[in-house]
Amino acid sequence: YVLVFIFSAGAAYAQVANSGFVSGNIWYSKDSFQEGDKIKIYTFIFNPNDRELRGTVSFYDKDTVLGKKDFRIASQSADDVSIDWTVSVGSHSIYAKIENPKILNSKGVLEDAELKDTQTKSSVYTIKKKVDTKNDKSETSTGTADSEFSTSLKGIQDKIEENTPAFI
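Okay, so let's go over this structure. (Residues numbered from 1 in each chain as written. Predicted model: local features only at pLDDT ≥ 70, side-chain atom pairs only at ≥ 80, totals over all residues. Heavy atoms only, no water.)

1. Describing the overall build of the chain
Scanning the chain from terminus to terminus reveals three helices and nine strands. Across the chain, helices and strands are ordered from the amino to the carboxyl terminus as α-β-β-β-β-β-β-β-β-β-α-α. Here the chain, with 168 residues, has 32% of them falling under the buried criterion. Pairs at least 24 apart in sequence give 68% of the contacts found in the chain among residues at least 6 apart. For the chain, the exposed area adds up to about 10,700 Å²; of that, 52% sits on carbon and sulfur atoms. (Helix = DSSP H or I, 4+ residues; strand = E, 2+ residues; numbered from the N terminus. Buried < 20%, exposed > 50% of the residue type's maximum accessible area, 1.4 Å probe, protein only. Contact = heavy atoms within 4.5 Å. Areas by Shrake-Rupley, 256 points an atom, 1.4 Å probe, with all protein chains shown as cover.)

2. As for unusual backbone geometry
You will see that Lys 62, though not glycine, has its phi angle at about 60°, which is positive. Looking at the secondary structure, you find Lys 62 in the loop between strand S4 (53–61) and strand S5 (64–73). Since its relative accessible area comes to 40%, Lys 62 is described here as partly exposed. Backbone geometry places Gln 76, a non-glycine residue, at a positive phi of 55°. Within the fold, Gln 76 resides in the loop between S5 and strand S6 (77–86).

3. Some remarks on the pattern of salt bridges
Evaluated as defined, the whole model comprises seven salt bridges. Put simply, Lys 30 and Asp 37 hold a salt bridge, and the shortest N to O gap is 3.1 Å. We classify Lys 30 as partly exposed; its relative accessible area is 35%. Given the relative accessible area of 15%, Asp 37 is considered buried. (Salt bridge = Lys/Arg side-chain N within 4 Å of Asp/Glu carboxyl O.)

4. What to know about the pairing of strand S9 (residues 123–127)
Burial of S9 is one-sided: the residues Ser 123, Tyr 125 and Ile 127 facing one way are buried, the residues Val 124 and Thr 126 facing the other way are not. Here strand S7 (residues 90–104) runs beside S9; their pairing, made up of five bridges, is antiparallel. Paired with His 92 across the two strands is Tyr 125, which belongs to S9. (Pairing = 2+ DSSP bridges.)

5. Looking at the nonpolar core
Judged by nonpolar contacts, the single largest core of 23 residues is most densely connected at Tyr 28, Phe 33, Ile 41, Ile 45, Val 57, Phe 59 and Phe 71. Looking at this core, the elements that each hand over two or more residues are strand S3 (38–47), S4, S5, S6, S7, strand S8 (110–117) and S9. Among the elements that take part in this core, S7 stands out by supplying four residues, more than any other. (Core = buried A, V, L, I, M, F, W, Y, C linked by side-chain atoms within 4.5 Å.)

6. Comments concerning the packing of aromatic side chains
Counted under the stated rule, the structure contains six aromatic pairs. Measuring from centroid to centroid gives 5.1 Å for Tyr 28 and Phe 33, while their planes differ by 55°, and the two rings are tilted. Of the two residues, Tyr 28 and Phe 33, both sit in the buried class. Ring centres of Tyr 60 and Tyr 95 lie 5.2 Å apart, and the angle between their planes is 10°; this geometry places the pair in the stacked category. Here Tyr 95 lies in strand S7 and Tyr 60 lies in strand S4, a separation of 35 residues in the sequence. With relative accessibility at 9%, the residue Tyr 95 sits in the buried group. Linked through ring pairs, Tyr 28, Phe 33, Trp 85 and Tyr 125 together constitute an aromatic cluster. Taking the ring centre of Tyr 60 as reference, the NZ or CZ of Lys 97 above it sits at 5.3 Å. (Phe/Tyr/Trp six-rings, centres within 6.5 Å; stacked < 30°, edge-to-face > 60°. Lys NZ or Arg CZ within 6 Å of the ring centre and 35° of its normal.)

Below you can see the structure in the form of structure tokens.
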């Protein structure tokens, strides 16, 4: 009797193995950003199945929820999902999760779905306190700001190349 119950509970989830995030897929509305910038954080969801996929994408910075968006992806379709974020100082580990995934069955009823990829890879950044270069003549006159800027741009370019999906 217990085995029948466990089997029945497992059958309640529809297998939607290929639906979900494109692996490692987080990107931003700006290539580089600093403290106080208002940007968008994006991810991309695909649904190669014959039924509509619905759910909520939650964007996180470590364990803190930055925002949530509900989504509907038609069968054999894909779409991006985004939230607004104001950049703050400190280390950040940004990722997204699909929560409460559902598929629309042939009778028009939503049922729980089990997805293969429900979390993106983390996008890691450290944001330094914004420096007012108008009032800080020592940094500008030594040229260290330019060399640090060039180094940080190279790091961002490397990070983008590492985290950009191959199909883009």
